[in-house]
Amino acid sequence: MKKKMIGFAMAATMATMAFAPTSMASAEESYDVAVLIGDMTATYASWLAYSFEQLEDEYPQLNLSIIDCGNDQATQISNLENCVSKGYDYVIVQPIDVTATADAVNSVIAAGIPCCTVNGSNDGMEEASSVDCDPVQQGAVPAEQALEQIPENANVVVLLGPSGNFHSNGRREGWEETFFSQREDVTILDEQIANWSKEEAMTLMEDWITKYGDDIDAIVSMNDAQALGCLEAWKAAGYSCDDILAYGVDGLADACLSIKDGELTCTSVQNAYDQASNALRIAAGTLAGEIENEVYQSPGELIDSSNVDEWIQIHTDNGQIQ
């Protein structure tokens, strides 16, 4: 079956034609799998979708339909409902909002179609498998580097993801356990939510620069985009990145390029290829009757100046760097 990458429910006629499984093989030999990506304009989601594409040949029994939900929760729920009506054998979903997606996923499972969440927990959908990261461990990776890098009596600013977000909270816990509880000499000048947004982080940093100037010694961010936004504001104010440390999480292409340029200090990778690989492994194992409700956590890995060239090559190979 030829792979499809479509914007389901965002182009209704195309979606109606392309969404239906077309496998000619018997159910014992071939399975139709819907892969619902949250928003393929987002860098991580694009890497995730590309990884599913690259891995499909390793699972010839799985016919993948890769579907963009366009960062719209209603579209994602509609797509999940269509997975039932179109008779898919398995559903992999990157939840836009875990809580809002739970009922729809449970309905798919109740219809007899097993599911796996990827890059999001299975909270509220306990009969679904889950592939995600350990956010506490992800936050601990850059925090461990910061223990030795951030100077004594330093002043730092902290940027969080959306309020109540599982990944943001866990990464902040990792920083607390690994760094802040060990470095009571460090002062947090301010700690704010920036909703994973580079633009919101830039605005916050502009305000902090107005208030604190170059007394800010380090940026501690729960994702890369916020850290990069702060660095943009820092440079725009006429300061050098040589005079500030900056820590992120995700390990995406723009973060790696920033490390290469000597700006971002380090990050912890959230490996989309590893998550896609394990989601397909679980799908194949579930359909073969060998796996039931597995939870897999992808380990974080440090990216800094010592290995950034390797990761730039990875992102070049996966199309994120041209």
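It should be noted that the structure appears before, not after, this text.
Residues numbered from 1 in each chain as written. Predicted model: local features only at pLDDT ≥ 70, side-chain atom pairs only at ≥ 80, totals over all residues. Heavy atoms only, no water.

What follows is about the overall build of the protein chain. Each helix and strand counted, the protein chain has eleven helices and 13 strands in total. In terms of overall dimensions, the protein chain is globule-like: its C-alpha atoms have a radius of gyration of 21 Å, near the 20 Å expected for 322 residues. The dimensions of the protein chain, computed from C-alpha atoms along their principal axes, are 65 × 35 × 35 Å. Expressed as a percentage of its 322 residues, the buried residues of the protein chain come to 54%. When contacts within the protein chain are restricted to residue pairs at least 6 apart in sequence, those whose partners lie at least 24 apart make up 73%. Distance between charge centroids for the protein chain: 6 Å, based on 12 positive and 53 negative side chains. (Helix = DSSP H or I, 4+ residues; strand = E, 2+ residues; numbered from the N terminus. Rg over C-alpha atoms; globule rule 2.2 N^0.38 Å. Buried < 20%, exposed > 50% of the residue type's maximum accessible area, 1.4 Å probe, protein only. Contact = heavy atoms within 4.5 Å. Lys, Arg positive; Asp, Glu negative; His and termini not counted. Charge placed at Lys NZ, Arg CZ, Asp CG, Glu CD.)

Below, the discussion takes up helix α11 (residues 308-317). An α-helical turn contains 3.6 residues, so any two residues separated by three or four positions project in the same direction. Val 308, Trp 311, Ile 312 and His 315 are the residues of α11 that are buried. Buried positions in α11, seen along its axis, are confined to an arc of 105 degrees and lie on one side of it. Close packing links the buried residues of α11 with α2 (43-55), α9 (253-260), β11 (267-269) and β13 (301-303). A positive backbone phi angle near 85 degrees is found at Gly 319, which sits one or two residues after α11. (Arc of directions from axis to C-beta.)

Before going further, it helps to spend a moment on the environment of Asp 254. Summarising the element assignment, Asp 254 is placed in helix α9. Overall, Asp 254 belongs to the partly exposed group, its relative accessible area being 40%.

Right, let's get into the layout of surface pockets. As a volume, the largest pocket reaches approximately 1100 Å³. If you go around the largest pocket, you meet 34 residues; those closest to its centre are Gln 94, Ile 96, Asn 119, Asn 165 and Trp 196. Broken down by secondary-structure element, the contributors of at least two residues to the lining of the largest pocket are α2, α4 (98-110), α6 (166-180) and α8 (224-236). In terms of residue class, the lining of the largest pocket is built from eleven nonpolar, 14 polar and nine charged. (1 Å grid on protein atoms, 1.4 Å probe; cavity = no way out; pocket = protein on both sides within 12 Å on 5 of 7 lines; lining within 4 Å. Points joined across faces, edges and corners; volume = space filled by probe spheres on them. Nonpolar A, V, L, I, M, F, W, Y, C, P; charged D, E, K, R; others polar.)

Another aspect to go through is the sheet that holds strand β8 (residues 187-193). Judged by pairing direction, the sheet is parallel, and its four strands sit side by side in the order β8-β7-β9-β10 without closing on themselves. The two strands at the open ends of the sheet, each matched to only one other strand, are β8 and β10 (245-247). Direction aside, the axes of adjacent strands within the sheet are offset by 15 degrees on average. (Pairing = 2+ DSSP bridges. Axes fitted to C-alpha atoms, helices over the stretch in contact; angles between N-to-C directions.)

With their axes 9 Å apart at the nearest point, α9 and α11 run at an angle of 145 degrees to one another. Of the two possible hands of crossing, α9 and α11 adopt the one that is left-handed. Contacts from Ala 253, Cys 256, Leu 257, Ile 259 and Lys 260 in α9 reach Val 308, Asp 309, Trp 311, Ile 312 and His 315 in α11. Of the residues assigned to the contact of α9 with α11, the class counts are seven nonpolar, one polar and two charged. (Left-handed = near helix turned anticlockwise from the far one by under 90°.)

Turning next to the packing of aromatic side chains. Each aromatic ring pair is summarised here by two numbers: the centre-to-centre distance and the angle between the ring planes. Applying the stated criterion across every chain, the model contains six aromatic pairs. Seen from their ring centres, Phe 179 and Phe 180 are 5.0 Å apart, and the 80 degrees between their planes marks the pair as edge-to-face. Each member of the pair Phe 179 and Phe 180 is classed as buried. Three or more aromatic residues link up through ring pairs in this structure, and these residues are Trp 175, Phe 179, Phe 180 and Tyr 247. In this structure, Arg 281 packs its charged tip against the face of Tyr 296, placed 5.9 Å from the ring centre. (Phe/Tyr/Trp six-rings, centres within 6.5 Å; stacked < 30°, edge-to-face > 60°. Lys NZ or Arg CZ within 6 Å of the ring centre and 35° of its normal.)

Counting buried residues in strand β3 (residues 62-68) gives seven out of seven residues, a clear majority hidden from the surface. Note that strand β2 (residues 31-37) and β3 share seven bridges and pair parallel. Pairing of Ile 37 across the sheet is with Asp 68, part of β3. Regarding topology, α2 serves as the crossover connection from β2 to the parallel β3, and that connection is right-handed. (Right-handed = clockwise from strand over helix to strand, strands pointing away.)

Helix length check: helix α3 (residues 73-85), at 13 residues, gives a terminal C-alpha distance of 19 Å against a target of 18 Å (1.5 Å per residue), a fit within 8%. What α3 keeps buried is the set Gln 73, Thr 75, Gln 76, Asn 79, Leu 80, Asn 82 and Cys 83. Where α3 is buried, its residues contact β2, β3, β4 (90-93) and α4. Measuring from the backbone nitrogen of Ala 74 back to the side-chain oxygen at the start of α3 gives 3.2 Å, which picks out Asp 72 as the cap. Residue Gly 87 follows α3 closely and has a positive phi angle near 75 degrees. (Expected span 1.5 Å × (residues − 1). Polar contact = N/O pair within 3.5 Å; in protein donor to acceptor, adjacent residues only side chain to side chain.)

The values reported here are purely geometric and, on their own, carry no functional implication.
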